[in-house]
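Structural description and commentary
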Amino acid sequence: MKSYKYKLLKKGIVYDLVGMASMAIPFIGPFLDILWAPYAAKKMMDMYPGKKGKIASFITFVEEIIPGTDIIPSFTLMWLYTFVINKQEVRDKEPKIIEVEVIK
């Protein structure tokens, strides 16, 4: 399941780059952040479920909505916190089905 862990990292980097891209568009960028902030917060909650995800989602929303803070890579920082600092193991999203044959 390491591949899932690194898929999260790749998605996070892409979301961080999209969030930072609005800084490159003068005058229009801050207005794009109004649309991007709730979307980014939702994606953060989807990627990291539970209490930590909700907290990270709120922080991401605030970070994206405040002009000039787009440079903070919140998705990448959450990945580092989850898998490097906290060393959380990756869990399967769907339960595994094990077939058992009963012999009489």
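Above this text you will find the structure in question.
Let me begin by describing the structure that accompanies this report. Please read these numbers as outputs of a predicted model, since none were measured by experiment. (Residues numbered from 1 in each chain as written. Predicted model: local features only at pLDDT ≥ 70, side-chain atom pairs only at ≥ 80, totals over all residues. Heavy atoms only, no water.)

Comments concerning helix H4 (residues 74-85)
Three or four residues apart is the spacing at which side chains of an α-helix point the same way, because the helix has 3.6 residues per turn. Residues of H4 that are buried include every one of Ser74, Phe75, Thr76, Met78, Trp79, Thr82 and Phe83, and no others. Buried residues belonging to H4 abut helix H1 (2-21), helix H2 (29-47) and helix H3 (51-65). Just downstream of H4, Lys87 is the residue with a positive phi angle, here 50°. (Buried < 20%, exposed > 50% of the residue type's maximum accessible area, 1.4 Å probe, protein only. Helix = DSSP H or I, 4+ residues; strand = E, 2+ residues; numbered from the N terminus. Contact = heavy atoms within 4.5 Å.)

A short note on the packing of H1 against H4
Orientation of H1 relative to H4, taken along the N-to-C sense of each, is 155°, at an axis distance of 7 Å. Relative to H4, H1 is oriented roughly antiparallel. Across the interface between the two elements, Lys5, Tyr6, Leu8, Leu9, Gly12, Ile13, Tyr15 and Asp16 from H1 touch Ser74, Phe75, Thr76, Trp79 and Phe83 from H4. (Axes fitted to C-alpha atoms, helices over the stretch in contact; angles between N-to-C directions. Parallel < 35°, antiparallel > 145°, perpendicular 65-115°, else oblique.)

Here's the deal with unusual backbone geometry
Note: most residues except glycine have negative phi, and most peptide bonds are trans. Despite not being glycine, Phe27 shows a phi value in the positive range, around 70°. As for its position among the elements, Phe27 is in the loop between H1 and H2. We classify Phe27 as exposed; its relative accessible area is 75%.

Digging into the side chain of Asp70
Residue position: Asp70 is located in the loop between H3 and H4. This buried residue, Asp70, is left without a salt bridge; Lys43 holds the nearest opposite charge, at 18 Å. There is a polar contact of 3.0 Å between the side chain of Asp70 and the side chain of Ser22. Setting aside residues up to four positions removed in sequence, Asp70 forms contacts with Gly19, Met20, Ser22, Met23, Asp33, Glu63 and Glu64. (Lys, Arg positive; Asp, Glu negative; His and termini not counted. Salt bridge = Lys/Arg side-chain N within 4 Å of Asp/Glu carboxyl O. Polar contact = N/O pair within 3.5 Å; in protein donor to acceptor, adjacent residues only side chain to side chain.)

Structural notes on the packing of H3 against H4
It is at 10 Å that the axes of H3 and H4 come closest, and there the two elements cross at 155°. In this view, H3 runs roughly antiparallel relative to H4, as classed from their interaxial angle. As for the relative orientation of H3 and H4, their crossing is right-handed in sense. Between H3 and H4, the contacting residues are Lys52, Gly53, Ala56, Thr60 and Glu63 on the first element and Ser74, Phe75, Met78 and Tyr81 on the second. Looking at the contact of H3 with H4 residue by residue, the classes come out as four nonpolar, three polar and two charged. (Left-handed = near helix turned anticlockwise from the far one by under 90°. Nonpolar A, V, L, I, M, F, W, Y, C, P; charged D, E, K, R; others polar.)

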